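Understanding the architecture of this molecule
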Amino acid sequence: MGETKRLRLPLPRPSTRAFYREGRRVPGYSLLDFVHGYVYSRWPYFYIGTATGARPIPPALRPLIRLGAKLLSRKPHAPESGRNAFADRYHGKVVPLQTAERLVMLDADLELRGIEQVVPYPIARDIVLRHPDHIVVLDCPCRAERDKPCLPLDVCLIVGEPFASFIADHHPGHARRITQAEAVGILRAEHERGHVHHAFFKDAMLGRFYAICNCCSCCCGAMQAFERGVPMLASSGYVASCDAARCAGCCLCAQACPFGALSRDGFTLHVDASLCMGCGVCVSTCPRDALSLVRDPSKPEPLDIGALVGAGRGV
């Protein structure tokens, strides 16, 4: 009799195993969280495309997606009644260009915990960077799922491990490893295009920061959800301020503002502080240097890594 062949299942990739091992170290991070994070990271174009409505959900998958959503809504650490559960678990912090550059130029591991004054959500608000110089640029899922996307596509920066290796391993056609200097170049080019830098956090991504997305209001699902009232974006902590003596009334800043916070009243520029997210796009647009970012105490604290570490919140 011939020898019976045993079924051999393929082993998970090392980056997948690293993701799983790191998750086991995170208090409260469940197997369901890992599966959610795996699906989100393994199929980001499907995940984002269906979430934004750019891609229809195949009928065969609808029961499975409904089941997943139901299970996630029953998680023990789900937010209290009355909060927006989606936004509490998945959100971005607006960061000016200089802050974004600092995040991709770190040369040592970093832990920042208990920073709810900076990232004002009850879940997914830590910054835990392992090998912060490991950076991967990914084709933006929001842009890639649009019929006529903004270009270029390769603008999403995945920062640190285990996320960078996971994305690089599973998306060789859409992602590539880059240097810190290249990451800074991407940030500056996107800033020149008038796009907003967001530091993104997600419960399924180990409950912490994992990426800097460079977002345009015409393609970004998060910015469009925010405009519809989903509170998934947090202010940088700053607002734009205008020096009336320098302002020429050209309104280039108002045209560039991604959040519609600037308008002209006669020859006076008006900044709606309730709409301004402190991204700094207007500051760079003004040809007369009439605009600057100033701290607004009513907004969340800025993501100032140096100040946070100096205050003893870094490990």
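Presented here is a report on the structure given in the accompanying data block. Predicted model only: the values in this text are computed from it and were never measured.

Reading guide: rules and limits
Residues numbered from 1 in each chain as written. Predicted model: local features only at pLDDT ≥ 70, side-chain atom pairs only at ≥ 80, totals over all residues. Heavy atoms only, no water. Helix = DSSP H or I, 4+ residues; strand = E, 2+ residues; numbered from the N terminus. Rg over C-alpha atoms; globule rule 2.2 N^0.38 Å. Buried < 20%, exposed > 50% of the residue type's maximum accessible area, 1.4 Å probe, protein only. Contact = heavy atoms within 4.5 Å. Areas by Shrake-Rupley, 256 points an atom, 1.4 Å probe, with all protein chains shown as cover. Axes fitted to C-alpha atoms, helices over the stretch in contact; angles between N-to-C directions. Parallel < 35°, antiparallel > 145°, perpendicular 65-115°, else oblique. Left-handed = near helix turned anticlockwise from the far one by under 90°. Nonpolar A, V, L, I, M, F, W, Y, C, P; charged D, E, K, R; others polar. Salt bridge = Lys/Arg side-chain N within 4 Å of Asp/Glu carboxyl O. Polar contact = N/O pair within 3.5 Å; in protein donor to acceptor, adjacent residues only side chain to side chain. Arc of directions from axis to C-beta. Expected span 1.5 Å × (residues − 1). Pairing = 2+ DSSP bridges. Phe/Tyr/Trp six-rings, centres within 6.5 Å; stacked < 30°, edge-to-face > 60°. Lys NZ or Arg CZ within 6 Å of the ring centre and 35° of its normal.

1. A look at the overall build of the chain
The number of helices and strands found in the chain is 13 helices and 12 strands. In terms of C-alpha radius of gyration, the chain reaches 21 Å, essentially the compact-globule figure of 20 Å for 315 residues. Taking the principal axes of its C-alpha atoms as reference, the chain extends roughly 95 × 45 × 45 Å. Here the chain, with 315 residues, has 49% of them falling under the buried criterion. Contacts in the chain between residues far apart in sequence, at least 24 positions, make up 71% of those at least 6 positions apart. About 16,000 Å² of surface is accessible on the chain, with carbon and sulfur atoms providing 55% of the total.

2. Regarding the packing of helix α2 (residues 31–42) against helix α8 (residues 163–170)
For the pair α2 and α8, the least separation of the axes is 10 Å and the interaxial angle reads 50 degrees. As the angle between them shows, α2 and α8 are arranged oblique. Between α2 and α8 lies a crossing whose hand is right-handed. Note on element contacts: α8 touches α2 through Phe166, Ile167 and His170, opposite Tyr38, Ser41 and Arg42. Taken together, the residues that form the contact of α2 with α8 break down as 3 nonpolar, 2 polar and 1 charged.

3. Notes on the pattern of salt bridges
Enumeration over the complete set of coordinates arrives at 14 salt bridges. Across the salt bridge formed by Glu190 and Arg143, the nearest N and O atoms sit 2.6 Å from each other. Of this pair, Glu190 sits in helix α9 (residues 180–192) while Arg143 sits in helix α7 (residues 141–144), and the two are 47 residues apart along the sequence. In this structure, a network of salt bridges that share partners links the residues Glu22, Arg25, Glu111, Arg113, Asp126, Arg130 and Arg208.

4. A look at the side chain of His195
Mapped onto the elements, His195 comes out in the loop between α9 and β6 (196–202). Within polar-contact distance, the side chain of His195 engages the side chain of Arg143 at 3.1 Å.

5. Considering helix α1 (residues 14–24)
Among the residues making up α1, those that are buried are Ser15, Thr16, Phe19, Glu22 and Gly23. Viewed end-on, α1 has its buried residues packed into an arc of 130 degrees, placing them on one side of the element. Looking at α1, the residues exposed on the side facing more than 90 degrees away from the buried face are Pro14 and Arg24. Close packing links the buried residues of α1 with α2, β3 (127–139), α8 and β7 (208–215).

6. Quick notes on α9
Structurally, the α-helix is built with 3.6 residues per turn, so residues lying three or four positions apart point the same way. With 13 residues, α9 ought to run about 18 Å at 1.5 Å a step, and its terminal C-alpha atoms sit 19 Å apart, in line with that. For α9, every residue scored as buried is listed here: Gln180, Ala183, Val184, Ile186, Leu187, Glu190 and His191. Angularly, the buried residues of α9 cover 160 degrees about the axis, an arc narrow enough to put them on a single face. The exposed set on the far side of α9, more than 90 degrees from its buried face, consists of Ala181 and Glu192. One or two positions beyond α9, positive phi appears at Gly194, with a value near 85 degrees.

7. Some points on the pairing of β7
With 8 of 8 residues buried, β7 is to be regarded as a mostly interior element. Bridge analysis of β6 against β7 gives 7 bridges, and the strand direction is antiparallel. Bridge pairing in β7 places Phe200 opposite Ala211. What sits between the antiparallel neighbours β6 and β7 is a turn of 5 residues, in which Leu206 has the positive phi angle 60 degrees.

8. Thoughts on the environment of Pro287
Of note, Pro287 is situated in the loop between α12 (281–285) and β12 (291–295). Sequence separation between Pro287 and Cys253 is 34 residues; the distance between their C-alpha atoms is 9.2 Å. Beyond its immediate chain neighbours, meaning those up to four positions away, Pro287 contacts Cys250 and Leu252.

9. Focus on the environment of His191
Examined against the element boundaries, His191 turns out to sit in helix α9. Sequence separation of His191 and Thr285 is 94 residues, and the distance between their C-alpha atoms is 9.8 Å.

10. Things to note about the packing of aromatic side chains
One pass over the full model with this rule turns up 15 aromatic pairs. Between the aromatic rings of Tyr40 and Tyr47, the centroid separation amounts to 4.8 Å while the plane-to-plane angle is 80 degrees, which identifies the pairing as edge-to-face. Residue classification places Tyr40 among the buried residues on the basis of a relative accessible area of 9%. Over the aromatic face of Tyr90 sits the side chain of Lys202, whose NZ or CZ is 4.0 Å from the ring centroid.

11. Regarding the packing of α1 against α8
Contact geometry for α1 and α8: axes closest at 8 Å, N-to-C directions at 150 degrees. Classified by the interaxial angle, the pair formed by α1 and α8 is roughly antiparallel. Our pair here, α1 against α8, has a crossing hand that is left-handed. Counting all contacts with α1, which are made through Ser15, Thr16 and Phe19, the residues of α8 involved are Phe163, Ser165, Phe166, Asp169 and His170. Split by residue class, the contact of α1 with α8 holds 3 nonpolar, 4 polar and 1 charged.

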